[in-house]
Amino acid sequence: MKKIVVTSGKGGAGKTTVTASLGVVLASRGYRIVLVDADVGLNNLDVALGVENKLVYDLADVIAGRCTAAQALIKAGSRELYVLPSAVEPAGMTAQSFRAALDGISNCDYMLIDCPAGIEHGFHRAVSAADRALVVATPAVSSIRDADKVFKLLSAYRLESVSLIINRIDASLVKSGEMMCATDISRLLSAIPVGIIPEDRHFCNGAPLIGLPENVKTQKALNILADNVVNDTYKAFDYLSRGIFKRRRA
Amino acid sequence: MNARDSVRRLEKMLARDKLKAPDGFFEVFERDLAALLSAYFELEGFTAAIESLPEGTELVVVKAKVKALKPLGNSRSLRK
């Protein structure tokens, strides 16, 4: 099982959307996926997947011993995609108790942990339970600066890999010189992106991410991100021409 | 602010974060370098930046077009 934390530092970069979308794509390939909402108190992973009405138990119940982690999982869609929600802040939750709660989930291929914004306790809890990290950054100055700080912080953890995802990039704004391009962001952060995800109206209206049309541009980008996560590669989505090309590895 | 300006701003910001440089460091650094080089050259379009390299070190990049060398004084001219 691979445990991957999706983080960014800055709020609004798209951690939850990326976590949910990547989970949907990986589940559609036959993997058994568990998405963990570590954004305690500001949980939205269940909403992103349209399962907010199915919540019975949550992370707080698992940590308090009122149920097992397996009992708290909510199935999302028809595939093997599950969510461990976190509706309320569990009393006395530590990084250790959070890790112990996740250790109760063993039968899955990928566990994606949706990290809270910020770089404090919630960040530490989520990162210390993972063995890989995906850092989401948008082409905004503040987002890139925060991502840079997060990369530095993550270097203190024993993670197998830390990779960059550039989210919400707008090809038309890049072409007109109003938005930084993926190459600039990659150079500034000294990281080759495993995912470049374009801005997409399908992801802005709050509709559940399961069942999005297969032909949307973002779906192609997410498929490439999933390829890279599964195969540990750096194949890039050419958001400017909608083609696919290979980039050499770092 | 266009993308080019954002990139330049971020380059300075990220280098400052890494070096833990105090506010105003880059302005002073740039001004001092410009003053030093201006003692020797007539400059045009001077820029100085600190870039972070992937291996974790920093590179100081100074770019300026030299229009002419300035006449250098010597010890005799100092005495006058």
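Throughout, residues of each chain are indexed from 1 in the direction in which the sequence is written. Here chains are named by letter from A upward and ligands by number from 1 upward, in the order in which they appear as written. Predicted model: local features are reported for residues with pLDDT of at least 70 only, side-chain atom pairs are reported and counted for 80 or more only, and whole-chain, interface and lining totals are derived from all residues. Side-chain numbers here rest on the full set of heavy atoms in the structure, without hydrogens or water.

(A) Summary view of the layout of surface pockets. Residues and elements named next belong to chain A. Here the second largest pocket defines a volume of roughly 420 Å³. For the lining of the second largest pocket, the leading source of residues is helix H7 (residues 141-154), giving four residues. Each residue gets one label: Ala, Val, Leu, Ile, Met, Phe, Trp, Tyr, Cys and Pro are nonpolar, Asp, Glu, Lys and Arg are charged, and the others, such as Gly, are polar. Within the lining of the second largest pocket, the residues separate by chemical class into seven nonpolar, four polar and seven charged. We place a 1 Å grid over just the protein atoms. Points where a 1.4 Å probe fits but has no way out form a cavity, open points with protein on both sides within 12 Å along at least 5 of 7 lines form a pocket, and any residue with an atom within 4 Å of a point lines it. Grid points are joined across faces, edges and corners, and a volume is the space filled by probe spheres set on the points. Per the convention used, a helix needs a DSSP run of H or I reaching at least four residues, while a strand needs a run of E reaching at least two, with both numbered from the N terminus.

(B) Highlighting empty space enclosed by the protein. Residues and elements named next belong to chain A. Applying the stated criterion across every chain yields a total of one cavity of 30 Å³ or more. Volume-wise, the largest cavity comes out at about 110 Å³. Lining the largest cavity, in full, are Ile 4, Arg 132, Ala 133, Leu 134, Ser 161, Ser 163, Val 194, Asn 228, Val 229, Asp 232 and Tyr 234. Within the residue set of the lining of the largest cavity, elements represented by two or more residues are strand S6 (132-137), strand S7 (161-169) and helix H10 (217-231). Across the lining of the largest cavity, the residue classes break down as six nonpolar, three polar and two charged.

(C) Region of interest: the confidence of the model for chain A. Across chain A, pLDDT averages 88, with 91% of residues at or above 70. Each residue gets a pLDDT score, which is the predictor's confidence in that residue and runs from 0 to 100. Residue contacts are defined here by distance: any two heavy atoms, one from each residue, within 4.5 Å place the two residues in contact. Ignoring residues within four places in sequence, the model shows residues 246-250 of chain A, a span with pLDDT below 50, making 12 contacts including any to other chains.

(D) Local environment of the pattern of salt bridges. Any carboxyl oxygen of Asp or Glu within 4 Å of a side-chain nitrogen of Lys or Arg constitutes a salt bridge here. Tallied over the entire structure, the rule returns 15 salt bridges over all chains. Arg 66 of chain A serves as the salt-bridge partner of Asp 61 of chain A, at 2.7 Å between the closest nitrogen and oxygen. Between Asp 148 of chain A and Lys 18 of chain B there is a salt bridge, with the nearest N and O atoms lying 3.1 Å from each other. Linking Asp 148 of chain A in helix H7 with Lys 18 of chain B in helix H1 (residues 3-19), this pair reaches from one chain into another. The buried category is assigned to Asp 148 of chain A, whose relative accessible area is 9%. Through salt bridges with shared partners, one network takes in Arg 29, Asp 227 and Lys 235 of chain A. Working definition: with a 1.4 Å probe on protein chains only, accessible area under 20% of the residue-type maximum means buried, over 50% means exposed, and in between means partly exposed.

(E) Just the nonpolar core, in detail. All names here are of chain A. Put simply, buried Ala, Val, Leu, Ile, Met, Phe, Trp, Tyr and Cys residues joined by side-chain atoms within 4.5 Å make one nonpolar core. Within the largest apolar cluster, 61 residues are counted, with the highest numbers of intra-cluster contacts made by Leu 84, Phe 98, Ile 113, Met 180 and Tyr 239. Considering each element in turn, this core owes the most residues, six residues, to H7. If near-sequence neighbours (up to four positions away) are discounted, Phe 98 is found in contact with Val 36, Ala 38, Leu 59, Ile 63, Met 93, Ile 113, Arg 125, Ala 126 and Ala 129. Val 6, Val 25, Leu 45 and Val 136 belong to the second largest nonpolar core, which has 33 residues in total.

(F) Up close: the confidence of the model for chain B. Residue and element names in this part refer to chain B. With 91% of its residues at a pLDDT of 70 or more, chain B has an overall mean of 84. Element-level pLDDT for chain B is lowest in helix H3 (residues 75-79), with a mean of 65, against a maximum mean of 90 in strand S2 (residues 58-69). At the level of chain-chain contacts, confidence expressed as ipTM amounts to 0.75, with global pTM at 0.82.

(G) Structural context of unusual backbone geometry. Residue and element names in this part refer to chain A. The phi torsion at Arg 168 lies on the positive side, around 60°, for a residue other than glycine. Relative to the helices and strands, Arg 168 resides in strand S7. For Arg 168, a relative accessible area of 36% puts it in the partly exposed group. One non-glycine residue, Ser 190, lies in the positive phi region at around 50°. You can see Ser 190 is positioned in the loop between helix H9 (182-189) and strand S8 (193-198).

(H) Looking closely at the side chain of Lys 3 of chain A. All names here are of chain A. Assignment of secondary structure puts Lys 3 in strand S1 (residues 2-7). Among the residues examined, Lys 3 registers a relative accessible area of 15% and is labelled buried. Separated by 3.2 Å, the side chains of Lys 3 and Asp 103 make a polar contact. Apart from residues no more than four positions distant in its own chain, Lys 3 is found in contact with Asp 103, Met 111, Ala 129, Ala 130, Asp 131 and Arg 132. Here a polar contact is recorded for every N or O atom pair within 3.5 Å, except that within protein the pair must consist of a potential hydrogen donor and a potential acceptor, and residues adjacent in sequence are included only if both atoms are side-chain atoms.

(I) Quick peek at the packing of helix H5 (residues 95-103) of chain A against helix H6 (residues 121-128) of chain A. All names here are of chain A. Packing of H5 against H6 brings their axes to within 9 Å, and their N-to-C directions diverge by 40°. Considering their axes alone, H5 and H6 lie oblique with respect to each other. Viewed along their axes, H5 and H6 form a crossing whose handedness is right-handed. Here Ala 95, Phe 98 and Arg 99 of H5 come into contact with H6, specifically with His 124, Arg 125, Ala 126 and Ser 128. Looking at side-chain class alone, the contact of H5 with H6 contains three nonpolar, two polar and two charged residues. For helices, the axis comes from a line fit to the C-alpha atoms of the stretch in contact; other axes are also lines fit to C-alpha atoms, and the angle between any two N-to-C directions lies between 0 and 180 degrees. When an angle is under 35 degrees it counts as roughly parallel; over 145 it counts as roughly antiparallel; between 65 and 115 it counts as roughly perpendicular; any other value is oblique. Here is the rule for handedness: rotate from the far helix to the near one, and if that takes an anticlockwise turn smaller than a right angle the crossing is left-handed, while a clockwise turn gives right-handed.

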